[in-house]
Amino acid sequence: MLSVLDLPRELYLIVCTHLQPTDLARLAGVSRDHYLAAQEPLYTSITITSYSRFVKLVDTLRRVPVVSTISPQQRLRWFKLTDAQLREREIKHLHIILDNREDGYRITGATLSNCIGAVARKCYSVKIHLSLYGAWPKWIPQLERFGLPNVTKLTLFLGGAELEPGRTWRGSDESPLWNLVFSGSSFSDLKDVYINTRAYHPGDLPSSLRESIHGAHPVRDYVWTKPHESTSDNVVPFYGLRRMERIVLAHTPHLTLDIMQSLFGSDIIPQNLTKLEIVNCASLHPVKHLPAIATLLQRALQLVKHLKLHLCKLSHFDNDDDHSDLATQYASHIDQHSAEHPCNIVRELGNRIPYLDLALPFACAKIFPPAQKSWQALAASRDYPAFPREPVETLPARLMAQGYKYRRLISWHGVCRGTHKWHDMRETAANMQQERVSWVLVSPNQADTWQMPGCLAVERLANEELLRGFTEEERWA
């Protein structure tokens, strides 16, 4: 009678990829041959959810599996493999999740570095994803003195950290987060970073765009610099940016003007960066820090394939005279410095990027490239798009899979300078008809609009996009 062991080794490993870790553990307990055969798939991808289990994993890797040689019958099947090769426990992907409420009192920077180093020495090609939940005020500063090799992805949910919103983390003895993550010293192999200082763990992430807006730290004067204050000339470059491929900074008021300048205004160009998301970071003022935002847009639009920039909504804008003056200040600035007008930057540099999602305080028709059409195209009749809009949650992915470029524009407080109405924005988008580019236009209390090239605009109810529930992927931003 044939068994799964009769399969060639390559097919056996493919079958094992469809089994859960608990099933693989049961398979390893069937017989001596199964025990040896299952070692490689059992250790290929591992998720550790506590520090005590991490210590047990390190101890297990140091030990050689105690089992006699494989049977003569199995030797005939896999004659090219030695017993040592079958016993090898090579981890390819390791996800370590540590929660401050459970493990905060056990871990120091030295112990974490020693454990990760032990795994890296045993499994040279392992890719480690390190996730930290909660505030770690005692030992996160210690990590600057140690190396964490093979950590390619870092996820930080630092909700509950008692830190001053207006203080920079870099250069502070209490909060050296920016140096730790981006300097390239401690995390020498880091490529993917997610930082959220509002949520304690993934379960606290917002479930809709409206919830994300209202859950952001309020934009108050104490987290702003002076209205005309420029960025510091003393910029310390973050050399770790050279290896970065994905950066997501969500709901962190500690992303200050100086940190923005160090990340996106220095001489260190993140040539490998493909995805950048900055969402509702309250210290980044959407009007008073417009030069830094313009620099970010100019650089990111030429580098990345996926850009999401959601600037905070100004609370009580329509009912507060001080906030209403910001519209005048914004208009004056873009009139004097047209190169820093976000709409001009997107029009000039945003043609090549496949995915662009912007939430700006003001927007205008200048964000659209000028229409270049023949009279035949202008005279052609248009109908509603044949491309299905539903389900809306998967619309960006489906559009890009068909070769379209996806754009979403959210304007919190209307049109730049008040030069035209929001209805004129929709008309301009309809007439522009840029080749294979889809636009979603959103403004509070205005009808949401979806525009496909060569088709009539599809209007939705006001605030429908703001109230729509997030997918799991959208929640992580």
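Only a predicted model underlies this, so the values are computations on that prediction, with no experimental measurement involved.

A.B. asks: What exactly am I supposed to notice about the overall build of the protein here?
C.D. replies: Check the secondary structure of the protein and you find 20 helices and 13 strands. Counting all 477 residues of the protein, 52% fall into the buried class. Relative to all contacts within the protein whose residues are 6 or more apart in sequence, the contacts with residues 24 or more apart total 76%. Carbon and sulfur atoms make up 51% of the accessible area of the protein, which totals about 22500 Å².

A.B. asks: What exactly am I supposed to notice about the state of the cysteines here?
C.D. replies: As used in these notes, a disulfide is a covalent bond between sulfur atoms, one from each of two cysteines. Overall, the coordinates contain zero disulfides when judged by the stated rule. Of the cysteine sulfurs around Cys-364, a residue in no disulfide, the closest is that of Cys-343, at 3.9 Å. Of the residues examined, Cys-364 reaches a relative accessible area of 2% and is grouped as buried.

A.B. asks: Explanation requested: the nonpolar core in the structure shown.
C.D. replies: One broad rule of soluble globular proteins: the nonpolar side chains tend to lie buried together. Membership of the largest hydrophobic core comes to 96 residues, with the highest contact counts inside it found for Phe-54, Leu-94, Leu-112, Phe-182, Leu-263 and Leu-276. The element best represented in this core is helix α13 (residues 290-303), accounting for eight residues. Beyond its immediate chain neighbours, meaning those up to four positions away, Phe-182 contacts Val-193, Phe-238, Tyr-239, Gly-240, Leu-241, Met-244, Ile-247 and Leu-263. Of all hydrophobic cores here, the second largest spans 19 residues; its members include Leu-209, Ala-359, Val-442 and Leu-466.

A.B. asks: What am I meant to see in the packing of aromatic side chains here?
C.D. replies: Here the distance between the centres and the angle between the planes together describe a pair of aromatic rings. With the rule as written, the count across this model stands at 10 aromatic pairs. What links up through ring pairs into an aromatic cluster is the set Tyr-133, Phe-157, Tyr-194 and Trp-476. The ring of Tyr-404 carries the charged tip of Arg-436 above its face, separated from the ring centre by 4.2 Å.

A.B. asks: So what exactly am I meant to see when it comes to the pattern of salt bridges here?
C.D. replies: Pairs may arise between side chains of opposite charge once their charged atoms sit close together. According to the stated counting rule, one finds 15 salt bridges in the structure shown. Of the charged contacts in the structure, one is a salt bridge between Asp-192 and Arg-246, with a shortest N-O distance of 2.9 Å. With Asp-192 in strand β5 (residues 192-196) and Arg-246 in strand β6 (residues 246-250), this pair connects stretches of sequence that are 54 residues apart. Judged by relative accessible area, Asp-192 falls into the buried class, the value being 13%. Across the pair Arg-468 and Glu-474 runs a salt bridge, and its minimum N-O distance is 3.1 Å. Note on accessibility: Arg-468 and Glu-474 belong to one class, buried. Where salt bridges share partners, they join Asp-357, Arg-408, Arg-460, Glu-465, Arg-468 and Glu-474 into one cluster.

A.B. asks: Teacher, can you tell me more about the confidence of the model for the protein here?
C.D. replies: Detailed reading of the predicted coordinates is not advisable wherever pLDDT is low. Mean pLDDT over the protein: 81, with 80% of residues reaching 70 or higher. Every residue in residues 162-175 is under pLDDT 50, and counting partners more than four places away or in other chains gives 35 contacts. In this model, residues 219-234 is a region of pLDDT below 50 whose contacts with residues beyond four sequence positions or in other chains number 25 contacts.

A.B. asks: What is the right way to look at the pairing of strand β2 (residues 93-99) in this model?
C.D. replies: One face of the sheet, then the other: side chains in a regular strand alternate in exactly this way. Taking burial as the measure, the seven residues of β2 include six buried ones, the bulk of the element. Note that β2 and strand β3 (residues 127-133) share seven bridges and pair parallel. Across the sheet, residue Leu-98 finds its bridge partner in β3, namely Leu-132.

A.B. asks: I would appreciate a short explanation of helix α1 (residues 9-16) in the present structure.
C.D. replies: Helical periodicity: at 3.6 residues per turn, an α-helix aligns residues three or four positions apart in one direction. Of all the positions in α1, only Arg-9, Tyr-12 and Cys-16 are classed as buried. On an axial view of α1, the arc spanned by its buried residues comes to 55°, and they lie on one face.

A.B. asks: Looking at this model, I keep getting lost on unusual backbone geometry. Mind explaining?
C.D. replies: For residues other than glycine, phi is negative in most cases, and the peptide bonds are mostly trans. Of note, the bond from Glu-390 into Pro-391 is cis; its omega dihedral lies within 30 degrees of zero at -10°. The phi dihedral of His-251 is positive, around 55°, even though this residue is not glycine. Assignment of secondary structure puts His-251 in the loop between β6 and α12 (257-264). Accessibility expressed as a relative area gives 0% for His-251, which makes it buried. With a phi close to 70°, Asn-463 is a non-glycine residue in the positive phi region. The topology assignment puts Asn-463 in the loop between β13 (458-462) and α19 (464-467).

A.B. asks: Which parts of the structure should I look at to understand the packing of α13 against helix α15 (residues 342-349)?
C.D. replies: Where α13 contacts α15, the two axes come as close as 10 Å, and the packing angle between them is 10°. In terms of their interaxial angle, α13 and α15 are classed as roughly parallel. Facing α13, whose interface residues are Leu-290, Ala-294, Leu-297, Gln-298, Leu-301 and Gln-302, α15 presents Pro-342, Ile-345, Val-346 and Leu-349. For the contact of α13 with α15, the residue count by class is eight nonpolar, two polar and no charged.

A.B. asks: I would appreciate a short explanation of the packing of α12 against α13 in the present structure.
C.D. replies: The axes of two packed helices give the description: the angle between them and the distance between them. Orientation of α12 relative to α13, taken along the N-to-C sense of each, is 20°, at an axis distance of 10 Å. For the element pair α12 / α13, the angle class is roughly parallel. As α12 packs across α13, the resulting crossing turns out to be left-handed. The residues of α13 that touch α12, namely those facing Leu-257, Met-260 and Phe-264, are Ala-292, Thr-295, Leu-296 and Arg-299. Residues that form the contact of α12 with α13 fall into these classes: five nonpolar, one polar and one charged.

A.B. asks: Hey, could you run me through the environment of Gly-265 in this one?
C.D. replies: Take Gly-265: it is sitting in the loop between α12 and β7 (275-279). Distance in space between the C-alpha atoms of Gly-265 and Thr-295 is 6.7 Å, their sequence separation being 30 residues.

A.B. asks: Whenever I open this one, the pairing of strand β4 (residues 151-157) confuses me. Can you help?
C.D. replies: Taking burial as the measure, the seven residues of β4 include six buried ones, the bulk of the element. As paired strands, β3 and β4 are joined by six bridges and run parallel to one another. Bridging across to β4, Tyr-133 finds its partner in Phe-157. Across five bridges, the pairing between β4 and β5 is parallel. Across the sheet, residue Lys-153 finds its bridge partner in β5, namely Asp-192.

Quick notes on the rules
Residues numbered from 1 in each chain as written. Predicted model: local features only at pLDDT ≥ 70, side-chain atom pairs only at ≥ 80, totals over all residues. Heavy atoms only, no water. Helix = DSSP H or I, 4+ residues; strand = E, 2+ residues; numbered from the N terminus. Buried < 20%, exposed > 50% of the residue type's maximum accessible area, 1.4 Å probe, protein only. Contact = heavy atoms within 4.5 Å. Areas by Shrake-Rupley, 256 points an atom, 1.4 Å probe, with all protein chains shown as cover. Disulfide = S-S within 2.5 Å. Core = buried A, V, L, I, M, F, W, Y, C linked by side-chain atoms within 4.5 Å. Phe/Tyr/Trp six-rings, centres within 6.5 Å; stacked < 30°, edge-to-face > 60°. Lys NZ or Arg CZ within 6 Å of the ring centre and 35° of its normal. Salt bridge = Lys/Arg side-chain N within 4 Å of Asp/Glu carboxyl O. pLDDT = per-residue confidence, 0-100. Pairing = 2+ DSSP bridges. Arc of directions from axis to C-beta. Axes fitted to C-alpha atoms, helices over the stretch in contact; angles between N-to-C directions. Parallel < 35°, antiparallel > 145°, perpendicular 65-115°, else oblique. Nonpolar A, V, L, I, M, F, W, Y, C, P; charged D, E, K, R; others polar. Left-handed = near helix turned anticlockwise from the far one by under 90°.

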